[in-house]
Amino acid sequence: TLTRVDYDLRVNGDTVTGDARLTIDVLKQGWVSIQLPAGLLVRGAQLEGRSTALVDGNPPRVLVSRPGRSVLALEIVVPIEAASGIESMTLPASASALSAVTLIVPRSGMDLTVSGGFVAEQTEADAVNRWTVYGSPGRPLKFSWKRKIDDRRSTLPLRAKARITELVALGEDASQI
């Protein structure tokens, strides 16, 4: 069973690189084939700190021989798509119950929108933006980020257009008709 997928990613030019940690629970004796999330570009894999081979296929798989909990660490690369000032990337859907992503963009003043999950935390320090995002099971996570647009309208005083048609005053009271 693929229990949890944790991503730790950083934007580097036109790609996103980082690690994916897959928590695997094996409930029986013998060899078990675990399917990786489809569409990941994997550079290297380690099972419990030791290098392991991936079995070719669509999607690739890893073989686990012992029961219990194991952590598979994958070194991954995700391409960035850029269009009209907006950069985006998509992480594939996984069968795990929980997906958590830490995304680091080494630029200041960025807005992030997420499809397929929600942003739980955002910090900006030293021209680096860091977001923590949790994804829904079985749905791909799509990230899009762009520079914040400076909206000066919020600092301006409120204005209203009005026109007085007639003013009637009786003693101390005044009203508009």
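For the structure, check the block above.
Definitions and limits used
Every residue gets a number counted from 1 within its own chain, in the order that chain's sequence is written. Restriction of local features to residues with pLDDT of at least 70 applies here, the model being predicted, together with a cutoff of 80 or more for giving and counting side-chain atom pairs; totals for whole chains, interfaces and linings are based on all residues. In computing side-chain values, all of the structure's heavy atoms are included and hydrogens and water are not. We define a salt bridge as a side-chain nitrogen of Lys or Arg found within 4 Å of a carboxyl oxygen belonging to Asp or Glu. Buried means the residue's accessible area, taken with a 1.4 Å probe over protein chains only, is under 20% of the maximum for its type, while exposed means over 50%, and partly exposed covers the values in between. In this scheme, patches are assembled from residues that exceed 30% relative accessible area and form no salt bridge. Like charges are connected within 9 Å, while nonpolar side chains (Val, Leu, Ile, Met, Phe, Trp, Tyr) are connected within 5 Å. Surface accessibility in these figures is a Shrake-Rupley result with a 1.4 Å probe; residues are shielded only by whichever protein chains are displayed. Every helix listed is a DSSP run of H or I at least four residues long, and every strand listed is a run of E at least two residues long, numbered separately from the N terminus. Whether two aromatic rings pair depends on their centres lying within 6.5 Å, for rings of Phe, Tyr and Trp, where Trp uses its six-membered ring; planes under 30 degrees apart make the pair stacked, over 60 edge-to-face, and the rest tilted.

Undergrad: Looking at this model, I keep getting lost on the pattern of salt bridges. Mind explaining?
TA: When charged atoms on two side chains of opposite charge get close, those side chains can pair. Evaluation of the coordinates by the stated rule reveals five salt bridges. Between R4 and D6 there is a salt bridge; the shortest N-O distance is 2.9 Å. For R4, a relative accessible area of 29% corresponds to the partly exposed category. Among the salt bridges present, the one from D25 reaches R69, with a minimum N-O distance of 2.8 Å.

Undergrad: Please clarify how a nonpolar patch on the surface should be interpreted in this entry.
TA: Together, W31, V55 and L63 make up an exposed nonpolar region whose accessible area comes to about 320 Å². Looking at where L63 falls in the secondary structure, it is placed in strand β6 (residues 61–64). Taking the relative accessible area as the measure of exposure, L63 reaches 40% and is therefore partly exposed.

Undergrad: Even after reading the chapter, I still don't get unusual backbone geometry, so can you show me in this structure?
TA: Apart from glycine, the bulk of residues carry a negative phi angle, and the bulk of peptide bonds sit in the trans form. Residue P59 is bonded to the preceding N58 through a cis peptide linkage, with omega at 0 degrees. As for its position among the elements, P59 is in the loop between β5 (50–51) and β6. One non-glycine residue, S84, adopts positive backbone phi at about 45 degrees. For D126, which is not glycine, the phi dihedral falls at a positive 55 degrees. Tracing the sequence through the fold places D126 in the loop between β12 (117–125) and β13 (128–135). On the accessibility criterion, D126 (76% relative accessible area) is exposed.

Undergrad: Looking at this model, I keep getting lost on the packing of aromatic side chains. Mind explaining?
TA: The description of two aromatic rings rests on the distance between their centres and on the angle between their planes. A full pass over the atoms with the stated rule returns one aromatic pair. Between the aromatic rings of F118 and Y134, the centroid separation amounts to 5.9 Å while the plane-to-plane angle is 35 degrees, which identifies the pairing as tilted. One end of the pair, F118, is in strand β12; the other, Y134, is in strand β13, and 16 residues separate them in sequence. Overall, the relative accessible area of 48% leaves F118 in the partly exposed class.

Undergrad: Please explain the environment of R50 as it appears in this structure.
TA: With respect to the helices and strands, R50 occurs in strand β5. Separated by 22 residues in sequence, R50 and L72 place their C-alpha atoms 9.4 Å apart.

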